[in-house]
Amino acid sequence: MIPISARIGFRYSHTKNSNSFVAFINFFSVLGLSLGILALIVVLSVMNGLEQQLKDRVLGVVPHIVLAATTPQTTLDKITQHKGVRASSPFVTTQALIQTPGELKGVVLQGIVTNDGNSHFSLLTQLNSLQPGKYNIVLGLALARKLNVEVGDSIRLLIPTVSRFTPLGQVPVQRRVTVSGVFSLQSSADTDMAFMALADVQRLSKQRIPETRIFLHDAFAFNQVLTDSLSDSEMDFVSSTWRTQQGPLFDAVKMEKNMMALMLLLVIAVAAFNVISALVMVVTEKQSDIAILQTQGFTQSQIVQVFVFNGMFNSLKGTLFGTFLGMTAVYCLNPLLVFFQVPIALAVTGDPIPVLIKPLQILGIVSLAMLLCLIATIPSALKALKVTPATHLKYD
């Protein structure tokens, strides 16, 4: 059964006989709350999409966990059998220089097993062109443009960390290789990463024993996977994780998202506390009603509940309306940008703005907004306790 205080509070929030100025203030307090929630949902969804796209593109080619070449097979079996591991394979990596007639560029050269390349790099299909003994190489699009090379061109690859003696003296190992593919991930990998067959890189870099790269279903869960799989002594075999190279980038994105969320939460807080001014006016307007309720036997707690429910009903309207507008804006964001020809895109290719809605995040926003509104209504509702029936009913 609905409490009588809730029914009265609901009726006050829908009455058409209120003072027009009170209704005006109440309307804009609800509207401000809706706009704050709208902005927070849109901004966080865009930041979630950006973070997810970075996760897919940047961490799509960087090994999530690298195990040393000396790792025992028992340790490898323990970690590769973890449910969070998606794939694993041997690989070697080395620093290299790529030379063309007009350019010289340093890259991180990865030697990979080509028959399972697609299982690791779902965004790359060009790796199938890497065959052991052919000395083919796959470059990023930005790197290929800088070097002014295309598929089929021959380039010189130098390994500065390995040298050999010739009649002309000690020179770095070098070889002519053929560009067999070009990939585009629209990330830093396009400019500083190249791939060759594992056997070819082993010959050039003299790395006979490869390391093991581990790819996870969720790259952010690498600590949990390592803790669940390996003992403290086995942790020494972990050469690196993706955070070694890309940690600062994702920390910066996370900090930016948190700061923007904090600023927009302050907007919601301001809108929520505007409920105070609207509710104070309602209490002032309903002083005669409060006095009558007191003479009818309403307790102080019931009087407070009437106006708490009144404020919460209005806050609920603003919160639900803002959530609806926010969800609609997220789904219509890219079509609207295209319709109004707003030049906002993630890359020069004109890709749409990435958006990702997280239901738990939306639920958290709604819950926090309602909590702020509840806190804001209590001081205003307590003002109703100052009303005395003898004072306000002596002329009625």
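Parameters and conventions
- Sequence order as written defines residue numbering, which begins from 1 separately in each chain.
- Since the coordinates come from a predicted model, pLDDT governs what is reported: local features require at least 70, and pairs of side-chain atoms require 80 or more to be given and counted, while whole-chain, interface and lining totals use all residues.
- Side-chain numbers here rest on the full set of heavy atoms in the structure, without hydrogens or water.
- Runs of H or I in DSSP of at least four residues are treated as helices and runs of E of at least two as strands, each being numbered from the N terminus.
- Burial classes follow relative accessibility: with a 1.4 Å probe on protein chains only, a residue under 20% of its type's maximum area counts as buried, one over 50% as exposed, and anything between as partly exposed.
- It only takes one pair of heavy atoms within 4.5 Å for two residues to be counted as in contact.
- The term polar contact refers here to a pair of N or O atoms within 3.5 Å; inside protein, the definition further demands a hydrogen-donor-capable atom paired with an acceptor-capable atom, and it admits residues adjacent in sequence only when both atoms are side-chain atoms.
- In this analysis, rings of Phe, Tyr and Trp, with Trp reduced to its six-membered ring, are considered paired at centre separations within 6.5 Å, and the interplanar angle assigns stacked below 30 degrees, edge-to-face beyond 60, and tilted for intermediate values.
- Charges are assigned to positions over rings by a cutoff of 6 Å between ring centre and Lys NZ or Arg CZ, combined with an angular limit of 35 degrees from the ring normal.
- Axes, fitted as lines to C-alpha atoms, cover a helix only where it is in contact. Angles between the N-to-C directions of the axes lie from 0 to 180 degrees.
- Reported orientations rely on four angle classes, namely roughly parallel under 35 degrees, roughly antiparallel over 145, roughly perpendicular from 65 to 115, and oblique for the rest.
- Working rule for handedness: look at the near helix, and if it is turned counterclockwise from the far one by less than a right angle, call the crossing left-handed; if clockwise, right-handed.
- Criterion for a salt bridge: a side-chain nitrogen of Lys or Arg within 4 Å of a carboxyl oxygen of Asp or Glu.
- Each patch is built from residues lacking any salt bridge and having more than 30% relative accessible area; the joining distance is 9 Å for like charges and 5 Å for nonpolar side chains (Val, Leu, Ile, Met, Phe, Trp, Tyr).
- Surface accessibility follows the Shrake-Rupley procedure with a 1.4 Å probe radius. Residue values consider only the protein chains on display as shielding.
- Starting at the helix axis, one direction is taken to each C-beta atom, and the arc is that of these directions.

## Focus on the environment of Lys55
- Within the element layout of this structure, Lys55 appears in helix H2 (residues 20-57).
- Look at Lys55 and you get buried, because its relative accessible area is 17%.
- As a C-alpha pair, Lys55 and Asp218 span 163 residues in sequence and 9.2 Å in three-dimensional space.
- Here Lys55 is in contact with Gly60, Asp218, Ala219, Phe220 and Phe250, once residues within four sequence places are set aside.
- Side-chain polar atoms of Lys55 contact the side chain of Asp218, separated by 2.5 Å.

## A word on the side chain of Ser89
- Take Ser89: it is sitting in strand E2 (residues 85-99).
- Only 2.8 Å separates the side chain of Ser89 from the side chain of Arg213, close enough to count as a polar contact.

## Concerning the packing of aromatic side chains
- By the definition in use, this model includes seven aromatic pairs.
- Between Phe27 and Phe28 the ring centres are 5.2 Å apart and the planes differ by 85°, which places this aromatic pair in the edge-to-face class.
- When the ring of Phe220 is compared with that of Trp242, the centres are 5.5 Å apart and the planes differ by 35°; the resulting orientation is tilted. Here Trp242 lies in the loop between strand E9 (238-241) and helix H9 (243-285) and Phe220 lies in the loop between strand E8 (211-216) and helix H8 (222-229), a separation of 22 residues in the sequence.
- When its relative accessible area of 2% is taken as the criterion, Trp242 is described as buried.
- By way of ring pairs, the aromatic residues Phe220, Phe222, Trp242 and Phe250 are connected into one cluster.
- Across the ring face of Tyr135, the terminal group of Arg175 is positioned such that the distance to the ring centre comes to 3.7 Å.

## Observations regarding the packing of H9 against helix H12 (residues 359-382)
- Interaxial distance between H9 and H12 falls to 8 Å at its minimum, and their mutual angle equals 30°. As the angle between them shows, H9 and H12 are arranged roughly parallel. Here H9 runs over H12; the crossing is right-handed. On H12, the residues that touch Leu265, Ile268, Ala269, Ala272, Phe273, Val275, Ile276, Leu279, Val280 and Val283 of H9 are Leu368, Ala369, Leu372, Cys373, Ile375, Ala376, Thr377, Ser380 and Ala381.

## Quick look at the pattern of salt bridges
- Counted by the stated rule, this structure contains five salt bridges.
- Notably, a salt bridge pairs Glu51 with Lys257, separated by 3.3 Å at the nearest N-O pair. A residue pair is termed long-range when its members are at least 10 positions apart, and Glu51 in helix H2 and Lys257 in helix H9 qualify at 206 residues. Across the pair, exposure class does not vary: Glu51 and Lys257 are buried alike.

## Regarding helix H7 (residues 198-205)
- For H7, a buried count of six out of eight residues is recorded, marking the element as mostly surrounded by other parts of the structure.
- Considered for burial, the residues of H7 that qualify are Leu198, Asp200, Val201, Gln202, Leu204 and Ser205.
- Count one or two residues on from H7 and you reach Lys206, which has phi positive near 65°.

## Observations concerning the environment of Ala272
- If you trace the backbone, Ala272 turns up in helix H9.
- Separated by 104 residues in sequence, Ala272 and Ala376 have C-alpha atoms that sit 6.5 Å apart.
- With near-sequence residues (within four places) excluded, Ala272 lies in contact with Leu372, Cys373 and Ala376.

## A few points about a nonpolar patch on the surface
- Taken together, the side chains of Phe273, Leu368, Leu371, Leu374, Ile375, Ile378 and Leu382 present a nonpolar region at the surface, about 550 Å² in accessible area.
- The element that contributes the greatest number of residues to the nonpolar patch is H12, accounting for six residues.
- Mapped onto the secondary structure, Leu371 falls in helix H12.
- The exposure class assigned to Leu371 is partly exposed, which follows from its relative accessible area of 44%.

## Some details on H8
- Within H8 the residues assigned to the buried category are Phe222, Val225, Leu226 and Ser229. Projected down its long axis, H8 shows its buried positions confined to an angular sector of 95°, all on one face.
- Where H8 is buried, its residues touch strand E1 (65-67), helix H3 (73-80), E2, E8, E9 and H9.

## Observations regarding unusual backbone geometry
- At Tyr135, a residue that is not glycine, the phi angle is positive and equals roughly 55°.
- Within the secondary structure, Tyr135 sits in the loop between helix H4 (117-120) and strand E4 (136-140).
- Phi at Asn148 takes a positive value of approximately 60°, unusual for a residue other than glycine.
- Residue position: Asn148 is located in the loop between helix H5 (141-147) and strand E5 (154-166).
- Exposure remark for Asn148: the relative accessible area of 69% places this residue in the exposed category.

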